[in-house]
Amino acid sequence: MYNITTGQYPEFSQREIEISELNELSKSDLNYICEEILARHGLIFFKEGSRNLFSTNNWYTPRNFKVDHLLTELEKKNLDKIYSLF
């Protein structure tokens, strides 16, 4: 079940993040945040590393091959900002 408060970076699903905040994070952290947002919606990861990483979290339930339609507008905005840094 989708829960906006789960994970290491729940604020990325709760409020709009400023680019200045993102600039303080490593590329590795930014990648993790993107995957965490998708994992909250139950994305089934094809990459074994991502699948293994999130499978250890009791809040992660893989159930969707696509989650674009499940993302909130806020999550889409934050993901777009993160993607622009790659």
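Before reading further, recall that the structure is shown in the block above.
Here the structure is a predicted model, which means the values were calculated and not measured.

Draft legend 1. Quick peek at the nonpolar core. Counting residues in each nonpolar core, the largest one holds 20 residues, and the members touching the most others are Phe12, Phe54 and Ile82. Broken down by secondary-structure element, the contributors of at least two residues to this core are α2 (27-40) and α4 (73-83). Per element, the largest residue contribution to this core is 7 residues, and it comes from α2. What phenylalanine 12 contacts, discounting residues up to four positions off in sequence, is Ile17, Leu22, Leu25, Ile33, Ile37, Glu75, Asn78 and Ile82.

Draft legend 2. The pattern of salt bridges, seen in detail. For the structure shown, the criterion picks out 6 salt bridges. The closest approach of N and O atoms between glutamate 35 and lysine 47, which form a salt bridge, is 3.2 Å. In this pair, glutamate 35 is assigned in helix α2 and lysine 47 in the loop between α2 and α3 (48-55), connecting sequence segments 12 residues apart. Note that arginine 40 and glutamate 36 form a salt bridge whose closest N and O atoms lie 2.7 Å from each other. Taken together, the positions of arginine 40 and glutamate 36, both in helix α2 and 4 residues apart, correspond to about one turn of that helix. With a relative accessible area of 2%, arginine 40 lands in the buried category. In this structure glutamate 36 comes out as buried when scored by relative accessible area, which is 0%. Each of Glu16, Lys77 and Lys81 takes part in one network of salt bridges that share partners.

Conventions used here
Residues numbered from 1 in each chain as written. Predicted model: local features only at pLDDT ≥ 70, side-chain atom pairs only at ≥ 80, totals over all residues. Heavy atoms only, no water. Core = buried A, V, L, I, M, F, W, Y, C linked by side-chain atoms within 4.5 Å. Buried < 20%, exposed > 50% of the residue type's maximum accessible area, 1.4 Å probe, protein only. Helix = DSSP H or I, 4+ residues; strand = E, 2+ residues; numbered from the N terminus. Contact = heavy atoms within 4.5 Å. Salt bridge = Lys/Arg side-chain N within 4 Å of Asp/Glu carboxyl O.

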